[in-house]
Amino acid sequence: MSVDYSHIAEEAKTQIASCQDGEALEVLRVKYLGRKGMVQDLMAKIPALAPEERRAFGAGVNNLKNNLADLFAQREATLNNSAVLFRGAGMDRTLPGKKPLLGKLHPLTQVQSEICEVFGRLGFKVFFGPELETEFNNFEALNIPLDHPSRDAFDTFYVSQPHSNSLKTTERLLLRSHTSPAQIRAMKICKPPLAMIVPGRVYRPDAVDASHSFMFHQVEGFAVGEDIRFSDLKGVLIAFVQEMFGAKTKMRFRPSFFPFTEPSAEVDISCFICAGAGCSVCKKSGWLEILGCGMIHPHVLRSAGHDPSRWRGFAFGMGVERIAMLKFGINDIRLFFENDLRFLEQF
Ligand code: DAH
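Criteria and thresholds
Residues numbered from 1 in each chain as written. Predicted model: local features only at pLDDT ≥ 70, side-chain atom pairs only at ≥ 80, totals over all residues. Heavy atoms only, no water. Axes fitted to C-alpha atoms, helices over the stretch in contact; angles between N-to-C directions. Helix = DSSP H or I, 4+ residues; strand = E, 2+ residues; numbered from the N terminus. Parallel < 35°, antiparallel > 145°, perpendicular 65-115°, else oblique. Left-handed = near helix turned anticlockwise from the far one by under 90°. Contact = heavy atoms within 4.5 Å. Pairing = 2+ DSSP bridges. Near = heavy atom within 4 Å. Polar contact = N/O pair within 3.5 Å; in protein donor to acceptor, adjacent residues only side chain to side chain. Areas by Shrake-Rupley, 256 points an atom, 1.4 Å probe, with all protein chains shown as cover. 1 Å grid on protein atoms, 1.4 Å probe; cavity = no way out; pocket = protein on both sides within 12 Å on 5 of 7 lines; lining within 4 Å. Sits in = over half its atoms within 2 Å of the grid points. Nonpolar A, V, L, I, M, F, W, Y, C, P; charged D, E, K, R; others polar.

Visitor: Honestly, the packing of helix α5 (residues 107-121) against helix α8 (residues 230-245) in this entry has me stumped. Any pointers?
Guide: The description of two packed helices rests on the angle between their axes and on the distance between the axes. Their axes nearest at 10 Å, the elements α5 and α8 cross at an angle of 135°. Comparing their axes, α8 and α5 come out oblique. Considering how the two elements wind past one another, α5 and α8 form a crossing that is right-handed. Judged by residue contacts, Val-111, Glu-114, Ile-115, Val-118, Phe-119 and Arg-121 of α5 engage Val-236, Leu-237, Phe-240, Glu-243 and Met-244 from α8.

In structure tokens, the structure reads:
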């Protein structure tokens, strides 16, 4: 006969089972099996018992001690062997992991790089002009006189004259309203023949809505040589459009006006969404406008220090947002600048 301590064992079992790490288990072990623990307390009572009670009492305590030792060993094995938990870290290693997010380039950067790559394969070099420009380069040099109404279309943000600036000039400064002023800079620095593209940010004091932003991106392109013709411009743009939008894309030139080119044209491509049948994106016309272009105006060549009777060239300019919106079917320009990961992760 032994004294029954199974109620203590039961209680210990529940407590042991709820231990989530080795530390908590150790605290319990000390409580039950430690030198000043519950089992030791019971043992200490034996000498005071009547001799005939000692055997049964002692056997009961021993039973309890063995039971508890088994329970602790089992729990310890579960915690260790299944490697469920880091000791103390409270981290469940069996839970499925979180997929690490891959960084991506912004959709505008992707499209801008693609444009630059296509022209790179056609022999164009990349040139960067400053966003803070002189009034002269942004307007006068490009044949947009101070008092000319066409200047409204390129109105911009003027900055108050800083004491010193990286452009080292005393001229009036502004945030460039297009990438075309980089033509002047490139042509002053590099001798023709040359073929260059200029990607970059431009600024206009436009009210922000689904299709306008006060800051957006353009890619300018131009080539200057002794025998450059409009047909060269056509050939380059056809190659670009077919690389960018697919070999079946059709293209048309519409006569237009820009102060810095003569003649000037706007280029439309056949709508790649409805293939010319007419849809909401092309406003039922079957055509999408993608860029402006023309033969560089003699005034522009002269502003950059080149004799227009010897040199001629073509130029073109396109909006990166517009092309990205068409390519990806995006209907609101503001999405590009809100940094919403739910949008950005789609590209
Ligand atoms: N600079 C023009 C704009 O901002 C775009 C442009 C049109 C650039 C015709 C050109 C060009 O080089 O030839 O809208």
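Visitor: Looking at this structure, I do not really get the sheet that holds strand β3 (residues 158-159). What am I missing?
Guide: Adjacent strands of a sheet pair through backbone hydrogen bonds, lying either parallel or antiparallel. The strand order across the open sheet formed by 3 strands is β2-β4-β3, and the pairing between neighbours is antiparallel. Looking at strand neighbours, the two that pair on one side only are β2 (132-134) and β3, the edges of this open sheet. Here β2 pairs with strand β4 (residues 173-175) via 3 bridges, running antiparallel. Within β4, the residue paired with Glu-133 across the bridge is Leu-174.

Visitor: Please explain the sheet that holds strand β5 (residues 194-203) as it appears in this structure.
Guide: Ordered by their spatial adjacency, 7 strands build an open sheet running β1-β5-β6-β10-β9-β8-β7, and the pairing between neighbours is mixed. The outermost strands of the open sheet, each flanked by one partner alone, are β1 (125-126) and β7 (251-258). Examined bridge by bridge, strand β8 (residues 261-270) and strand β9 (residues 287-296) share 8 bridges and lie antiparallel to one another. Bridge pairing in β9 places Glu-266 opposite Gly-292. Here α8 sits on the sheet in contact with β7, β8, β9 and β10 (312-319), set at roughly 150° to β9.

Visitor: Before we go on, may I ask you to explain the site of the ligand in this structure?
Guide: Close contacts around the ligand come from 16 residues, with His-178, Ser-180, Arg-204, Gln-218 and Glu-220 the closest. Between Glu-220 and the ligand, the recorded distance is 2.6 Å, taken from a side-chain N or O atom to an oxygen atom. Ala-315 places a main-chain nitrogen or oxygen 3.1 Å from an oxygen atom of the ligand. When the free accessible area of the ligand is taken as 360 Å², the share hidden by the protein chains comes to 92%. The cavity that encloses the ligand is the largest pocket. Listing elements by their share of the shell around the ligand, those giving two or more residues are β6 (215-225), β9 and β10. Taken together, the residues that form the shell around the ligand break down as 6 nonpolar, 8 polar and 2 charged.

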